[in-house]
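Observations on the three-dimensional arrangement
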2 protein chains.
Amino acid sequence: KLTTAAAQITKANSSSSWASLQADIEAHIKQAIPMKEPLVVFEPMHHLVFAAPRTTVPALCVASCELVGGHQDQALAAASALLVMQAAAYTHEHLPLTDRPRPKPKGHREYDPNIELLIGDGMIPYAFELLARSNDPTRDYSDRILRVMVEISRAVGSEGLVEGQYRKFLRTQLDNEANIKLEVEKGEGGMHACGAACGAVLGGGSEEEIEKMRKYGLFVGMIQGLLPGVEKAGKGLKKEIEEIRNLALEELEFFEGRNVEVISSFINI
Amino acid sequence: KLTTAAAQITKANSSSSWASLQADIEAHIKQAIPMKEPLVVFEPMHHLVFAAPRTTVPALCVASCELVGGHQDQALAAASALLVMQAAAYTHEHLPLTDRPRPKPKGHREYDPNIELLIGDGMIPYAFELLARSNDPTRDYSDRILRVMVEISRAVGSEGLVEGQYRKFLRTQLDNEANIKLEVEKGEGGMHACGAACGAVLGGGSEEEIEKMRKYGLFVGMIQGLLPGVEKAGKGLKKEIEEIRNLALEELEFFEGRNVEVISSFINI
């Protein structure tokens, strides 16, 4: 049976295939974000993009593109845009506002808050620019790229990541399980769903494949969002994560007969 | 001679034609930004979009589209995106960070800084979404829309508006004329240049028409950015603005024989 076999194969390879995709994406971004004037802008932008914690969203986007028969090149710009978007969100999340204490920086050098605000504001359009510029009029992909832009706008915007961040800030007031799950769903879940769906769109997947990948991505993100709390929460959450993992594998059954090795590794990271 | 004639005609009509285009754009946005759940996000977004001071950038975009033979409908989404982008920049400019005092709000209701940060972050992708969604695959405009996205990314991003804002924050330290001019060029100038160029792209203008409109927009923005300082600065600046106005009119000579009434009105607002 595919699901079990896939899970077995990929426990061993999961970190290596993810890391290899991630390396390709970072190489692409290093080339795409120039170190140029005004250095006062591009130096911190460069730094803050790579200082944000890695997530598996960009790599999932590339893996999904390859699963539906696309080539890695078709998804690299979208994967990079997703990485830059998440870095922008991380930068702003760590901004000291007068109504919240400055969160501890997790190992990234600090700039003046003013700069971090502005750089974050610059990163969001820059991510869209990366994507828009990847259009190759001779290949007639522009409709796919525009569709991916709508997907990404929604995932990072007011009904997605922004809502997730808002819920995170509210957490002290509303620290119940339902809120945490919604936060994870809007945050890690929504971003992974978006990444996987975008990869499938760019790789030329059918509507059915795109929706399967969207669901698979949601489950991958839910697992990753819930895992950090598992030790504190105990058995109930552990069981729940196992159930989500099974739901994820069910989505992959649709792709039986294709090479699901890389894509299925994401539920074991 | 066109330039003088145009200037004469339009001094009388300038405010009415600008206001009429602006009203069309705002009606479009009111329809496009829904009042829906999560209300905690969409209510302030709606409010903050309309609370930001009006600029002539969106209307110039529509006027430029019409000048090159396009229809208003082709430019309304881009004009709306530009308005939302400027509202996002305005919102973040008024955010109280720990390293700067909260600027006086200019007549808009205050939300918690946290909300204003997040809403601003949500507005930028939303603006791109408005534009991406305006794509009508049956009309094959997607390449034009992607090109406009690159234009807008650059104008609002790290080499454009963000750099202008950075220079504005530096102003106290570097309050010399050269810095103010660069700030205006990157701010009002760059945004108007972008708006006018985008309108020409969407209206199907030739490369030459697009570049003429870009220059014209830059001059329009320079005039509007410099005008507020004119009383303090005295005669020198007044003369300079008059020179910029003449340069703007020169760009319009290229369009002799077409209806330049609306577009030329922007130098007299």
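Residues numbered from 1 in each chain as written. Chains lettered and ligands numbered in written order. Predicted model: local features only at pLDDT ≥ 70, side-chain atom pairs only at ≥ 80, totals over all residues. Heavy atoms only, no water.

Turning our eyes to something else, we now look at the relation of the copies chain A and chain B. Each copy of the sequence occupies a distinct position, and chain A is placed on chain B by a rotation of 180 degrees and an axial shift of 0.0 Å, giving an RMSD of 0.0 Å. Interpreted geometrically, this transformation is the action of a two-fold axis. Using C-alpha coordinates, one finds that chain A approaches the rotation axis most closely at Leu-97 of chain A, a distance of 2.3 Å. (Least-squares fit on C-alpha atoms with pLDDT ≥ 70 in both.)

Our focus in this paragraph is helix H3 (residues 57-67) of chain A. Residue and element names in this part refer to chain A. Counting buried positions along H3 yields 10 of 11 residues, so the element is predominantly enclosed. Taken together, the buried positions of H3 are Val-57, Pro-58, Ala-59, Leu-60, Cys-61, Val-62, Ala-63, Ser-64, Cys-65 and Leu-67. Phi for Gly-69, located one or two positions after H3, is positive at around 105 degrees. (Buried < 20%, exposed > 50% of the residue type's maximum accessible area, 1.4 Å probe, protein only. Helix = DSSP H or I, 4+ residues; strand = E, 2+ residues; numbered from the N terminus.)

To continue, consider the state of the cysteines. With the rule as written, the count across this model stands at 0 disulfides over all chains. Looking at Cys-194 of chain A, it has no disulfide partner, and the nearest cysteine sulfur is the one in Cys-198 of chain A, 3.8 Å off. (Disulfide = S-S within 2.5 Å.)

On the chain B side, the residues contacting the 46 residues of chain A number 46 residues. The partner of Arg-154 of chain B in a salt bridge is Glu-129 of chain A, with the nearest N and O atoms 2.7 Å apart. The tally of links from chain A across to chain B stands at 11 residue pairs in polar contact (both at pLDDT 80 or more). At the level of secondary structure, the elements contributing two or more residues to the side of chain A that touches chain B comprise helix H2 (39-51), helix H5 (113-133), helix H6 (142-156) and helix H7 (161-170) of chain A. No other element matches H5 of chain A, which puts 13 residues into the side of chain A that touches chain B. (Contact = heavy atoms within 4.5 Å. Salt bridge = Lys/Arg side-chain N within 4 Å of Asp/Glu carboxyl O. Polar contact = N/O pair within 3.5 Å; in protein donor to acceptor, adjacent residues only side chain to side chain.)

Our focus in this paragraph is the packing of aromatic side chains. Here the structure, examined in full by the defined rule, presents 3 aromatic pairs over all chains. Here Lys-30 of chain A stacks its cationic end above the ring of Phe-50 of chain A, 4.7 Å away from the centre of that ring. (Phe/Tyr/Trp six-rings, centres within 6.5 Å; stacked < 30°, edge-to-face > 60°. Lys NZ or Arg CZ within 6 Å of the ring centre and 35° of its normal.)

With that out of the way, let us pick up the nonpolar core. Ile-152 and Tyr-216 of chain A together with Tyr-216 of chain B are the most contacted members of the largest nonpolar core, which has 176 residues in total. Not counting the four nearest positions on each side in its chain, Tyr-216 of chain B is found in contact with Leu-60, Ala-248, Glu-251, Leu-252, Ile-263, Ser-264, Phe-266 and Ile-267 of chain B. Membership of the second largest hydrophobic core comes to 6 residues, among which are Leu-95 and Leu-117 of chain A together with Leu-95 and Leu-117 of chain B. (Core = buried A, V, L, I, M, F, W, Y, C linked by side-chain atoms within 4.5 Å.)

As for its position among the elements, Asn-135 of chain A is in the loop between H5 and H6. Excluding anything up to four places from it in sequence, Asn-135 of chain A contacts Tyr-141, Ser-142 and Ile-145 of chain A together with Asp-143 and Leu-146 of chain B.

Looking now at the environment of Met-222 of chain A. Residue and element names in this part refer to chain A. For Met-222, the position within the fold is in helix H9 (residues 207-226). Looking at Met-222, the relative accessible area reads 7%, which means it is buried. Note: C-alpha distance between Met-222 and Glu-185 (37 residues apart in sequence) is 6.2 Å.

Attention now moves to the packing of H5 of chain A against helix H6 (residues 142-156) of chain B. Put simply, H5 of chain A and H6 of chain B touch, their axes get as near as 9 Å, and they point 150 degrees apart. As far as their axial angle goes, H6 of chain B and H5 of chain A are roughly antiparallel. In this structure, H5 of chain A meets H6 of chain B at a crossing whose hand is left-handed. Within the contact between the two elements, H5 of chain A uses Pro-125, Phe-128, Glu-129, Ala-132 and Arg-133 of chain A and H6 of chain B uses Leu-146, Met-149, Val-150, Ser-153, Arg-154 and Val-156 of chain B. Among the residues forming the contact of H5 of chain A with H6 of chain B, the class breakdown is 7 nonpolar, 1 polar and 3 charged. (Axes fitted to C-alpha atoms, helices over the stretch in contact; angles between N-to-C directions. Parallel < 35°, antiparallel > 145°, perpendicular 65-115°, else oblique. Left-handed = near helix turned anticlockwise from the far one by under 90°. Nonpolar A, V, L, I, M, F, W, Y, C, P; charged D, E, K, R; others polar.)

What follows covers a negative patch on the surface. A surface patch of like charges, here negative, comprises Asp-140 and Asp-143 of chain A together with Asp-140 and Asp-143 of chain B. Within the secondary structure layout, Asp-143 of chain A lies in helix H6. (Patch = residues over 30% accessible without salt bridge, like charges linked within 9 Å, V, L, I, M, F, W, Y side chains within 5 Å. Areas by Shrake-Rupley, 256 points an atom, 1.4 Å probe, with all protein chains shown as cover. Lys, Arg positive; Asp, Glu negative; His and termini not counted. Charge placed at Lys NZ, Arg CZ, Asp CG, Glu CD.)

Next up on the list: the confidence of the model for chain A. Scored by pLDDT, chain A has a mean of 85; 87% of the residues are at 70 or more. Averaged over each element, pLDDT in chain A is lowest for helix H1 (residues 2-32) of chain A (72) and highest for H3 of chain A (97). (pLDDT = per-residue confidence, 0-100.)

Attention now moves to the pattern of salt bridges. Residues and elements named next belong to chain B. Across all of its chains, the model carries 18 salt bridges over all chains by this definition. A salt bridge links Arg-54 to Glu-26; its shortest N-O distance comes to 2.8 Å. Of this pair, Arg-54 sits in the loop between helix H2 (39-51) and helix H3 (57-67) while Glu-26 sits in helix H1 (residues 2-32), and the two are 28 residues apart along the sequence. On the basis of relative accessible area, Arg-54 is assigned to the partly exposed category, the value being 40%.

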